[in-house]
Amino acid sequence: MKRELGSLERALIISDQYAPFHSVCVLKLESPPPPQILKQALRSVQIHHPFLQARLLKEKGRYFLATLADAILPFHVLPRWNDEHWVQVAEVELETRIEISDKPIFRCTYLYSANHSRAEILLSFFHPIVDSASLGQLIQELLTTCASFMDERTVAVYELPPSPPVESRLPYGYRGVWLGWHILRIAVQQAGDEILYRLQTRGKRTPPLRGQSHGHILSLQFPESFVETLVRRAQLETVTLNALLTAAMLTAINRNLYAGQYVPMRTLSFVDMRPFVEPPLTNENLACYISMLRHTVPVKGGIDFWLLVRRLQRKMNASFRSGDHFVSTVMVESLLKILTRSQSFRLGATALNFDGVSPLKTEYGGIRLVGVHQYASAYTLGPEFAGQARLFNGQLIWDFVYLDTDMSADEAKAIVEETRSILNSALTSPLFRI
């Protein structure tokens, strides 16, 4: 395999060259498999997916994913200290660059001790080869294979074809001259938005640029009963959980970092492109098929929460109807080049990747999956507070990443608790009526 990278994938490389930037997933297990079983299952999964046997190759300024002659298995076992040990290891993983030029562009760390009934698998991936949809399917495959090997059952292994870049599968109306027209349209819109944003934020706080920093993680969980109530309320308000959770993050950040002042704030949202490309790409195929959209909304500490949610929802809907998610997959490379070269602004105040309902089960043979966390590396040009959320086993699991130059650990915890409080208050507020 020698597959050239597309525009979105090159954009992710630009981010990684500026600072380590990759995805880390944490699987919390009960009755975990022995290390040799996990290693055997991981090797089977590596053979199945060509990108897990690949390295990054650069030739004449062009980037390729190329199969390694000897694709070693980057698998390490660490003794597990306690139930919170994984937090420290995950933070180290997020800051430790994945060696992409001469080794497989992923790695696995297993926190395991024979005298513990629990263990954690930490999977780190170079961003261009995986997104949330394919990661969920990959975890399914890995745990199912572990269960099969523990029951001494054989597993058939075959190699999938490599997935092409997302822009190669854009609909006809977003190719060639039509794509150029859409790029021009959005460039004009973004220029207007930038001028307005700078005028409205003059003399006000904006996401600050910082120096050397370290990333840290936090997590927030809501029980099934709360999630059911939240989903019903979102349906009554005709908004998505994505807009609802994003609004809660923005409000919490505004109250804690912006002193509740009225100010335009920028947030990033992400679209799973797999259902929208032609032909659609199944979740079995590893690839990064996402689109990043940036929205600017006015926020203040005392704003009516549901008003903010609806305002944000309208922006998301308008962007989607205009097909901005198709164009963004191509334009993001230029944005990242400008961002890293100028180092004069940050992408936004917040970012949220909401995955919806996780496909993962809680039982894989005798193995129990009791928790799933996912994080993306934080860096100084990214958002001040970034989150990834999913519904797993009826619960809402919401993971956050922040930099210690943006806020202290106590401030970050206060923002998370503020987010919880905002959602609790939103459920008791009167229903909006037109």
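The coordinates are above.
Bear in mind that the values here come from a model prediction, so they are computed numbers and not experimental data. (Residues numbered from 1 in each chain as written. Predicted model: local features only at pLDDT ≥ 70, side-chain atom pairs only at ≥ 80, totals over all residues. Heavy atoms only, no water.)

A. Representation of the sheet that holds strand 8 (residues 215–222) in the model. Strand order in the open sheet formed by six strands is 8-15-14-11-9-10, and the pairing between neighbours is mixed. Either end of the sheet is taken by a strand with one partner, and the two such strands are strand 8 and strand 10 (290–299). Ignoring strand direction, the axes of neighbouring strands in this sheet form an average angle of 20 degrees. Pairing of strand 11 (residues 350–357) with strand 14 (residues 385–392) involves six bridges; the strand directions are parallel. Considered in strand 14, the bridge of threonine 350 is made with phenylalanine 385. (Pairing = 2+ DSSP bridges. Helix = DSSP H or I, 4+ residues; strand = E, 2+ residues; numbered from the N terminus. Axes fitted to C-alpha atoms, helices over the stretch in contact; angles between N-to-C directions.)

B. Focus on the sheet that holds strand 6 (residues 106–111). Across the sheet, six strands lie side by side as 5-6-7-2-13-12; this open sheet has mixed pairing. Looking at the sheet topology across the chains shown, the edges are occupied by strand 5 (75–78) and strand 12 (363–364). Bridge count between strand 5 and strand 6: four bridges; the pairing is parallel. Across the sheet, residue phenylalanine 75 finds its bridge partner in strand 6, namely cysteine 108. The sheet strands contacting helix 2 (residues 35–48) are strand 5, strand 6 and strand 7 (118–126), and the helix crosses strand 5 at an angle near 160 degrees. Sheet strands touched by helix 4 (residues 132–150): strand 2 (22–30), strand 7, strand 12 and strand 13 (367–376). Its angle to strand 13, the strand with the most contacts, is close to 150 degrees. (Contact = heavy atoms within 4.5 Å.)

C. Seen up close, the packing of helix 1 (residues 7–18) against helix 9 (residues 324–342). Axis separation between helix 1 and helix 9 bottoms out at 7 Å; the angle between their running directions is 20 degrees. Relative to helix 9, the element helix 1 lies roughly parallel. Of the two possible hands of crossing, helix 1 and helix 9 adopt the one that is left-handed. In this structure, helix 1 contributes Ser7, Leu8, Arg10, Ala11, Ile14, Ser15 and Tyr18 to the contact, and helix 9 contributes Thr329, Val330, Val332, Glu333, Leu336, Lys337 and Thr340. Partitioning the contact of helix 1 with helix 9 into residue classes produces seven nonpolar, four polar and three charged. (Parallel < 35°, antiparallel > 145°, perpendicular 65-115°, else oblique. Left-handed = near helix turned anticlockwise from the far one by under 90°. Nonpolar A, V, L, I, M, F, W, Y, C, P; charged D, E, K, R; others polar.)

D. Representation of the packing of aromatic side chains within the structure. The tally for this structure, following the rule as stated, stands at 11 aromatic pairs. Centroid distance phenylalanine 385 to phenylalanine 400: 5.1 Å. Interplanar angle 20 degrees. Geometry classified as stacked. In this pair, phenylalanine 385 is assigned in strand 14 and phenylalanine 400 in strand 15 (residues 395–403), connecting sequence segments 15 residues apart. The exposure class assigned to phenylalanine 385 is buried, which follows from its relative accessible area of 1%. Judged by its relative accessible area of 0%, phenylalanine 400 is buried. Aromatic rings pair up to connect Phe385, Trp398, Phe400 and Tyr402 into one cluster. We note arginine 266 situated over the ring of tyrosine 197; from NZ or CZ to the ring centre the distance is 3.9 Å. (Phe/Tyr/Trp six-rings, centres within 6.5 Å; stacked < 30°, edge-to-face > 60°. Buried < 20%, exposed > 50% of the residue type's maximum accessible area, 1.4 Å probe, protein only. Lys NZ or Arg CZ within 6 Å of the ring centre and 35° of its normal.)

E. Structural context of helix 9. Valine 330 marks the point of greatest bend in helix 9, at about 50 degrees. Downstream of helix 9 by a residue or two, glutamine 343 has a phi angle that is positive, lying close to 45 degrees. (Bend = angle between axes of the 7 residues up to and from the residue.)

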